[in-house]
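In case you want the letters, here they are:
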Amino acid sequence: MQLLDGRALCKKIEVQVTADVKMLKKKCGCTPGLAVILVGQDPASAAYVNMKKKACDRVGIYSITHDMPENISQKAIEKIIKNMNKDSTIDGILIQLPLPKQIDERKLLDLVSPKKDVDGFHPFNIGCLTAGLDGFVPCTPLGVMKLLSEYNIDVKGKNCVVVGASNIVGKPMASLLLNANATVEICHIFTDDLKKHTLNADIVLVGVGIINLITEDMIKPDTVIIDIGVSRTKEGKLVGDVDFLNVSKKCSYITPSPGGVGPMTIAMLLSNTLKAAKINAQEKK
Ligand code: GUN
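None of the values given here were measured: they were computed from a predicted structure.

Caption draft 1: Here's a closer look at the pattern of salt bridges. For the structure on display, the rule yields 11 salt bridges. Where Asp134 meets Lys275, a salt bridge forms, and the shortest distance between an N and an O atom there is 3.0 Å. Here the residue Asp134 occupies a position in the loop between α5 (123-131) and α6 (139-150), and Lys275 occupies one in helix α10 (residues 261-284), the gap between them amounting to 141 residues. Overall, the relative accessible area of 24% leaves Lys275 in the partly exposed class. A salt bridge links Asp217 to Lys195, with the shortest nitrogen-to-oxygen separation between them at 3.2 Å. In this pair, Asp217 sits in the loop between β7 (203-206) and β8 (224-227) while Lys195 sits in helix α8 (residues 194-198), placing the two residues 22 residues apart along the sequence. Assessed through its relative accessible area of 33%, Lys195 is described here as partly exposed. Connected via shared salt-bridge partners are Lys75, Glu78 and Lys107.

Caption draft 2: Representation of the site of the ligand in the model. Around the ligand, the surrounding shell consists of Lys52, Leu94, Ile95, Gln96, Leu97, Asp119 and Phe121. Residue Ile95 places a main-chain N or O atom 2.8 Å away from a nitrogen atom belonging to the ligand. Between the ligand and the protein, one listed contact pairs a nitrogen atom with a backbone N or O atom of Leu97 at 2.9 Å. Here the ligand loses 82% of its free accessible area of 280 Å² to cover by the protein chains.

Caption draft 3: Spotlight on the layout of surface pockets. Approximately 1,400 Å³ is the volume found for the largest pocket. In terms of lining residues, the largest pocket is bounded by 49 residues, among which Tyr48, Met51, Val230, Gly262 and Thr265 are the most central. Those elements that place two or more of their residues in the lining of the largest pocket are α1 (6-28), α2 (43-59), β4 (92-95), α6, β9 (231-232) and α10. The leading source of residues in the lining of the largest pocket is α2, at 9 residues. When its residues are assigned to classes, the lining of the largest pocket shows 26 nonpolar, 13 polar and 10 charged. In this model, the second largest pocket occupies a volume close to 230 Å³. Secondary structure elements with two or more residues in the lining of the second largest pocket: β10 (238-239) and α9 (244-247).

Caption draft 4: A look at the packing of α6 against α10. Running from N to C, α6 and α10 cross one another at 105 degrees; their axes reach a closest spacing of 8 Å. When the axis of α6 is compared with that of α10, the two are roughly perpendicular. Facing Cys139, Thr140, Leu142, Gly143, Val144, Lys146 and Leu147 of α6, the residues of α10 in contact are Val261, Met264, Thr265, Met268, Leu269 and Asn272. Residue classes in the contact of α6 with α10 are distributed as 8 nonpolar, 4 polar and 1 charged.

Caption draft 5: Region of interest: the sheet that holds strand β3 (residues 62-68). With parallel pairing, 3 strands are arranged side by side in an open sheet as β3-β2-β4. In this open sheet, the two edge strands, each paired with only one partner strand, are β3 and β4. Taken pair by pair, the neighbouring strands of this sheet meet at an average axis angle of 15 degrees, ignoring direction. In this sheet, β3 lies alongside strand β2 (residues 33-39) in parallel orientation, the contact comprising 7 bridges. Of the residues in β3, the one forming a bridge with Val36 is Thr65. Strands in contact with α2 are β2, β3 and β4; relative to β2, the strand with the most contacts, it is inclined by about 170 degrees.

What counts, and at which threshold
Residues numbered from 1 in each chain as written. Predicted model: local features only at pLDDT ≥ 70, side-chain atom pairs only at ≥ 80, totals over all residues. Heavy atoms only, no water. Salt bridge = Lys/Arg side-chain N within 4 Å of Asp/Glu carboxyl O. Helix = DSSP H or I, 4+ residues; strand = E, 2+ residues; numbered from the N terminus. Buried < 20%, exposed > 50% of the residue type's maximum accessible area, 1.4 Å probe, protein only. Near = heavy atom within 4 Å. Polar contact = N/O pair within 3.5 Å; in protein donor to acceptor, adjacent residues only side chain to side chain. Areas by Shrake-Rupley, 256 points an atom, 1.4 Å probe, with all protein chains shown as cover. 1 Å grid on protein atoms, 1.4 Å probe; cavity = no way out; pocket = protein on both sides within 12 Å on 5 of 7 lines; lining within 4 Å. Points joined across faces, edges and corners; volume = space filled by probe spheres on them. Nonpolar A, V, L, I, M, F, W, Y, C, P; charged D, E, K, R; others polar. Axes fitted to C-alpha atoms, helices over the stretch in contact; angles between N-to-C directions. Parallel < 35°, antiparallel > 145°, perpendicular 65-115°, else oblique. Contact = heavy atoms within 4.5 Å. Pairing = 2+ DSSP bridges.

This is the structure:
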């Protein structure tokens, strides 16, 4: 079994992004800028936003966080997004999810300019991904593809079983795999017999937030395991969706969680923000 080390690859990508940011500054005087919208007090969201901000600092991307109270109105957030869309110092806009119940999430995501949509959640970019066209791709599934490619794991013709059908992870993950010529199944909460599907998989990609959902009896030997889940146990330890101890004895490759896909999500946010800044710099010429 070999570990797919997201932390190591993230460091490598950060070195490249840092060099590219420097080059962009030298060539056109532009500093890539990311605006993050954080609503409410969810500790996990605040921690993720903090990690994203620190990563921006490390590579020389300017970032600003709009930290808003839990009871903020829809209109107030919309106003900030509209301002960020017009702000030439901002290349990327990220709305940290989930949002409080009174907020219409879809309406906000639709308001972000597709050119600044570094999370790839706007319908325009979802459409580009589905059609196999260039656009912004959600950071977590994009990070999984980079990690697979770093370890020369070719998905072409492989049976890939994606467990979880969210708009953020499962659906874009399936589209990326399909675009790379994999055979793709998506399993979800209503799937009848999950094990029947995972036993047939060459690659299992799971991101649902259920501790120990994937056990060693559910996979065939030498499967590649991508654990996208992150949960906290009662004892406060961070773990994924896979019974790592037992599954790791049977599989060929596995991502640890934490330390696998999580760092890749942040690396891809940096890379998407750089991509947006490069496009904007080109258009300013
Ligand atoms: N919440 C959980 N994952 C994500 C993500 O990738 N992007 C945003 N904006 N919010 C999230």
